[in-house]
Amino acid sequence: MIRIAIDGPSGSGKSTLAKAVARELGIIYVDTGALYRTVGYFAYANGKDPHNASEVETLLPNISIELKYENGLQRVILNGEDLGDKIRMPQMSMYASAVSSIPAVREFLLEMQKRMARENSVVMDGRDIGTVIIPDADLKIFLTASNETRANRRTLELQSKGICISFEEVLNDMIERDKQDKNRDIAPAIPADDAIIFDNSAMSVEDSVKEIVRLVNERK
Ligand code: DC
């Protein structure tokens, strides 16, 4: 069993790297942001204010989330419906970030994530993987990149999905969301004490993957 935690702010390249590393090692990639996005989506679909803890809490008993893996791709099933790219809409980023600061939401998603890491070799990405979900991970990476690099990547990613959004809008949303994620009381998005801080602003995806795989092999 090998368990790798990759945390970091939005647009730092977590999912691209985590996916590639998982493929290289032949293990599962778990995108935990998708879980918060799913709860955020459900709040949105039910017309709830994502910042209002008691409104969001009343929804939790009606949420059933299942993760499925096919050809290395994760699919999120909410109450039997495959949500696909619905959770990737820019608006869902803010909904996800808002609901993720509610303790009952984190508690609701906790066991599911811990179980995934207990039962499988995984590369898991998120904000609290190294601090809360897999505190004894074999390798912890805290991925960073400059604000401009991150916003640029997010803009291109969204535009490639046909979502029309400007660089400035992405940058402002990103800064706002990072502030919210870093400063919340519960499981803030900060590096674990034993995490390796990895700035990949000036690195190609291939070189970053190679470096992470090298770090994994060093620990085997
Ligand atoms: O990784 P992402 O951008 O899809 O995550 C969406 C939001 O979910 C992010 O702003 C904070 C929250 N999140 C979290 O609090 N803990 C995680 N492990 C993953 C995501």
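Reading the values: the criteria
Residues numbered from 1 in each chain as written. Predicted model: local features only at pLDDT ≥ 70, side-chain atom pairs only at ≥ 80, totals over all residues. Heavy atoms only, no water. Helix = DSSP H or I, 4+ residues; strand = E, 2+ residues; numbered from the N terminus. Rg over C-alpha atoms; globule rule 2.2 N^0.38 Å. Buried < 20%, exposed > 50% of the residue type's maximum accessible area, 1.4 Å probe, protein only. Contact = heavy atoms within 4.5 Å. Areas by Shrake-Rupley, 256 points an atom, 1.4 Å probe, with all protein chains shown as cover. Lys, Arg positive; Asp, Glu negative; His and termini not counted. Charge placed at Lys NZ, Arg CZ, Asp CG, Glu CD. Phe/Tyr/Trp six-rings, centres within 6.5 Å; stacked < 30°, edge-to-face > 60°. Salt bridge = Lys/Arg side-chain N within 4 Å of Asp/Glu carboxyl O. Pairing = 2+ DSSP bridges. Axes fitted to C-alpha atoms, helices over the stretch in contact; angles between N-to-C directions.

A. Examining the overall build of the chain more closely. Each helix and strand counted, the chain has nine helices and eight strands in total. For the chain, whose C-alpha radius of gyration is 16 Å, the value lies close to the compact-globule estimate of 17 Å for 220 residues. If one aligns the C-alpha atoms of the chain with their principal axes, the spans along those axes are about 50 × 40 × 35 Å. Within the chain, the proportion of its 220 residues that are buried is 49%. A fraction of 74% describes how many contacts in the chain between residues 6 or more apart in sequence connect residues 24 or more apart. For the chain, the exposed surface amounts to about 10,500 Å²; the carbon and sulfur share of it is 49%. When the 28 basic and 34 acidic side-chain charges of the chain are each reduced to a single mean position, those positions are 2 Å apart.

B. Broad picture of the packing of aromatic side chains. By the definition in use, this model includes two aromatic pairs. Ring plane angle 45° and centroid distance 6.3 Å describe the contact between Tyr-41 and Tyr-44, whose orientation is recorded as tilted. Placement of the pair is Tyr-41 and Tyr-44 together in helix H2 (residues 33–45), with a separation of three residues, close to one helical turn. Of the residues examined, Tyr-41 reaches a relative accessible area of 13% and is grouped as buried. Ring plane angle 80° and centroid distance 5.5 Å describe the contact between Tyr-44 and Tyr-95, whose orientation is recorded as edge-to-face. Here Tyr-44, found in helix H2, pairs with Tyr-95, found in helix H4 (residues 90–99); they are 51 residues apart in sequence, far enough to count as distant. Judged by relative accessible area, which is 33%, Tyr-44 ranks as partly exposed.

C. Structural view of the pattern of salt bridges. Using the criterion set out here, one finds 16 salt bridges in the structure. Between Arg-88 and Asp-31 there is a salt bridge, with its nearest N and O atoms 2.9 Å apart. Pair noted here: Arg-88 is in the loop between strand E5 (81–82) and H4 and Asp-31 is in strand E2 (residues 28–31), with a separation of 57 residues, a long-range link. For Arg-88, a relative accessible area of 22% corresponds to the partly exposed category. Among the residues examined, Asp-31 registers a relative accessible area of 12% and is labelled buried. Among the charged side chains, a network of salt bridges with common partners joins Glu-211, Arg-214, Glu-218 and Arg-219.

D. Broad picture of the sheet that holds E5. Spatially, three strands are ordered E3-E4-E5 in an open sheet, and the strand pairing comes out antiparallel. The open sheet has two edge strands with one neighbour each: strand E3 (65–70) and E5. In terms of strand pairing, strand E4 (residues 73–78) meets E5 through two bridges, oriented antiparallel. Among the inter-strand pairings, Ile-77 is bridged to a residue of E5, identified as Asp-82. Here H2 sits on the sheet in contact with E3 and E4, set at roughly 30° to E4.

E. Summary view of the side chain of Asn-200. By secondary structure assignment, the location of Asn-200 is in the loop between strand E8 (196–199) and helix H9 (205–219). On the accessibility criterion, Asn-200 (4% relative accessible area) is buried.

F. Main features of unusual backbone geometry. Of note, the phi angle at Asn-79 is positive, near 45°, even though the residue is not glycine. In this structure, Ala-187 is a non-glycine residue whose phi angle is positive, near 45°. Following the sequence through the fold, Ala-187 ends up in the loop between helix H8 (167–183) and E8.

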